[in-house]
Amino acid sequence: MAGSVSDGTEDSDSSAEREQTHSSESDGNMPKRQRLTRASTRLSQSSQGSSAQRGKRMPYTPDLKRAADHDESPPLTPTGNAPSSESELDISSPNASHDESHTKDQASRDSDKDLSHRPKRRRCHETYNFNMKCPTPGCNSLGHLTGKHERHFAVSGCPLYHNLSADECKTPTPKQSKYKEQVAEMRKGRNAGQQKEQKEKHTEHRQTHGNTREPLLENITSEYDLELFRKAQARASEDLEKLRIQGQITEGNNMIKTIVFGRFELDTWYHSPYPEEYARLGRLYVCEFCLKYMKSQTILRRHMAKCVWKHPPGDEVYRKGSISVFEVDGKKNKIYCQNLCLLAKLFLDHKTLYYDVEPFLFYVMTEADNTGCHLVGYFSKEKNSFLNYNVSCILTMPQYMRQGFGKMLIDFSYLLSKVEEKVGSPERPLSDLGLISYRSYWKEVLLRYMCNFQGKEISIKEISQETAVNPVDIVSTLQSLQMLKYWKGKHLVLKRQDLIDEWKAKEIKRGNSNKTIDPSSLKWTPPKGT
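Quick caveat: nothing in here was measured; it's all calculated off a predicted structure. (Residues numbered from 1 in each chain as written. Predicted model: local features only at pLDDT ≥ 70, side-chain atom pairs only at ≥ 80, totals over all residues. Heavy atoms only, no water.)

**Section: the overall build of the protein chain**
- Secondary structure assignment for the protein chain yields 16 helices and 15 strands.
- Relative to its full complement of 530 residues, the protein chain shows a buried share of 38%.
- Total accessible area computed for the protein chain in this model is approximately 32,200 Å², and 50% of it derives from carbon and sulfur atoms. (Helix = DSSP H or I, 4+ residues; strand = E, 2+ residues; numbered from the N terminus. Buried < 20%, exposed > 50% of the residue type's maximum accessible area, 1.4 Å probe, protein only. Areas by Shrake-Rupley, 256 points an atom, 1.4 Å probe, with all protein chains shown as cover.)

**Here's the deal with the sheet that holds strand 6 (residues 293-294)**
- Taken together, four strands build an open sheet; the order of strands is 4-3-5-6 and the sheet is mixed. The sheet is open, and its two edges are formed by strand 4 (264-267) and strand 6, each paired on a single side.
- Pairing geometry for strand 5 (residues 283-286) and strand 6, over two bridges, is antiparallel. Within the sheet, the bridge partner assigned to Tyr285 lies in strand 6 and is Met294. (Pairing = 2+ DSSP bridges.)

**What to know about the side chain of Ser459**
- Residue position: Ser459 is located in the loop between helix 13 (432-452) and helix 14 (460-467).
- In this structure the side chain of Ser459 is engaged in a polar contact, spanning 3.3 Å, whose partner is the backbone nitrogen of Lys461. (Polar contact = N/O pair within 3.5 Å; in protein donor to acceptor, adjacent residues only side chain to side chain.)

**Brief notes about the pattern of salt bridges**
- For the structure on display, the rule yields 14 salt bridges.
- When the shortest N-O distance is used, the salt bridge between Arg496 and Asp498 registers 3.0 Å.
- A relative accessible area of 25% places Arg496 in the partly exposed class.
- Two residues, Glu502 and Lys506, come together in a salt bridge whose shortest N-O distance is 3.9 Å. Here Glu502 and its partner Lys506 are both found in helix 16 (residues 497-510), four residues apart, which amounts to about one turn of the helix.
- By sharing partners, the salt bridges in this structure join Lys407, Glu444 and Arg448 into a single network. (Salt bridge = Lys/Arg side-chain N within 4 Å of Asp/Glu carboxyl O.)

**Digging into the packing of aromatic side chains**
- All chains considered together, the criterion is met by 13 aromatic pairs.
- Plain terms: the ring middles of Tyr363 and Phe379 are 5.2 Å apart, the flat faces sit at 20° to each other, and that makes the pair stacked. Of the two residues, Tyr363 sits in strand 9 (residues 360-369) while Phe379 sits in strand 10 (residues 372-382), which places them 16 residues apart along the sequence.
- We classify Tyr363 as buried; its relative accessible area is 0%.
- Arranged with centres 5.8 Å apart and planes meeting at 25°, the rings of Tyr449 and Phe453 form a pair that is stacked. (Phe/Tyr/Trp six-rings, centres within 6.5 Å; stacked < 30°, edge-to-face > 60°.)

**Some words on the nonpolar core**
- Leu343 and Phe412 are the most contacted members of the largest nonpolar core, which totals 79 residues.
- Contact partners of Phe412, with chain neighbours within four places excluded, come to Val317, Tyr318, Val325, Tyr363, Phe379, Ile517 and Leu522.
- Core analysis: the next-biggest nonpolar cluster, separate from the first, contains eight residues, Val260, Cys287, Cys290 and Met294 among them. (Core = buried A, V, L, I, M, F, W, Y, C linked by side-chain atoms within 4.5 Å. Contact = heavy atoms within 4.5 Å.)

**Observations regarding the pairing of strand 8 (residues 323-329)**
- Burial analysis of strand 8 places seven of its seven residues in the buried class, the great majority of the element.
- Bridging between strand 7 (residues 315-320) and strand 8 involves five bridges; their strand directions are antiparallel. Of the residues in strand 8, the one forming a bridge with Lys320 is Ile323.
- The turn linking strand 7 back onto strand 8 is made up of two residues, and Gly321 within it adopts a positive phi angle of 70°.
- Strand direction decides the pairing type here: strand 8 and strand 9, joined by seven bridges, are antiparallel. Along strand 9, the bridge assignment pairs Val325 with Met365.

**Structural notes on the UniProt feature "active site" (unreviewed entry) in the protein chain**
- When the UniProt feature table is mapped onto this chain, "active site" (unreviewed entry) is found at Glu427.
- Within the fold, Glu427 resides in the loop between strand 13 (425-426) and helix 13.
- Judged by relative accessible area, Glu427 falls into the buried class, the value being 13%. (UniProt positions renumbered as here; feature names shortened; annotations may be inferred.)

Here is the structure:
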């Protein structure tokens, strides 16, 4: 679950000091530039005849206003260059005289004095990283694979990487349009008149065979889509057979099909590296409090009679109602954290950390009743993250999915980042379900901020400081919502009222849900050394 994401944020104090230092350096170097330019001009006059034949051009003389008032300089474009409309550079010609250059310098000084009282402009994109470029060699970051954006900064949206041009992405080829029409025509073949009969047939089939047979797929979708699905099934089974023949999939490698966890029996999704004697079993029995794994129901029953644990080890840092969050140190409670990682791997595809748990803190969310605190989910976090990752791995147990607990875990991780006065981001790559959860959370945070925002200009830096969300995640979410536009050399944030109204309607329909994090219920201070 590792991936690099640039932080893209700095404290306002440090950025102000850096701007001040840069401005002073520019002021100190200005006389040297003037002397160099005048000497070059005199040299050009002495060799005017030869230089005119060769077309040699003199160095340019920068406007003094640009160096003296550095804060008023225009922002860089995503390609790293200043907009040509606001550029104030004066290119000297080969035949320019010394008197003309001196007159320009004097005029620049006068204009600098006249404009010194002008107030600073506030730009909503002042913290956006305009120097970001597409990593594909030879790409100029123009265009987007979807054809909806003017620029791109990742391989996933690069037309050149997909062997296309920016113009081809904007307008589909006649072949693509024809194929799209053919697919739309083939998908009209679904017979909607037999839905009631098919529904009764599907119900009878499910009651008769249960999970031992594939559900009936006829008339659920068009014949074209059903045929594509059958071809994909056949190709996947063929690939599995090849892997089995090559020995990459061996008998017993993924034999844990179900686990008994408390009062639930859960189907596993992926292979987890449990010890070989346990991996051979078709069913594993896990204590829901200490996470110890056992071979049989009898051993689990004896263990539960003697197990004194009713909640995770560590400190309880949050409690509201029946929901609690425990902070577990991987160094102090190594066995528990290792068992938690092995359990999580049964439901996560990209997880690679199992035994090296000492550099991490685990925040375990539980739901309490009269029998104890039952595991809902958890997320892990590095004690010292160089890139300010606030989540390394996150999981909601399958029996608690689609109930709002995943969003609570994400919200809690950003609450810790706010207390630490940092801007956080999850570690990449995210799992499929993790990406869906984070995109939904970022969308909700941005729409809530837009709804409550009363100003005229929106700054990405201000959004990041208030929500603790990384500016890169904010920009990607704005692009997915089509709320970020590139116009006249600037990135503009659009306030789409239709999306805000839709979000308001969902909030009203949801009502006062208990699946929210209350900052006042947090009793936590950042660990030392982080």
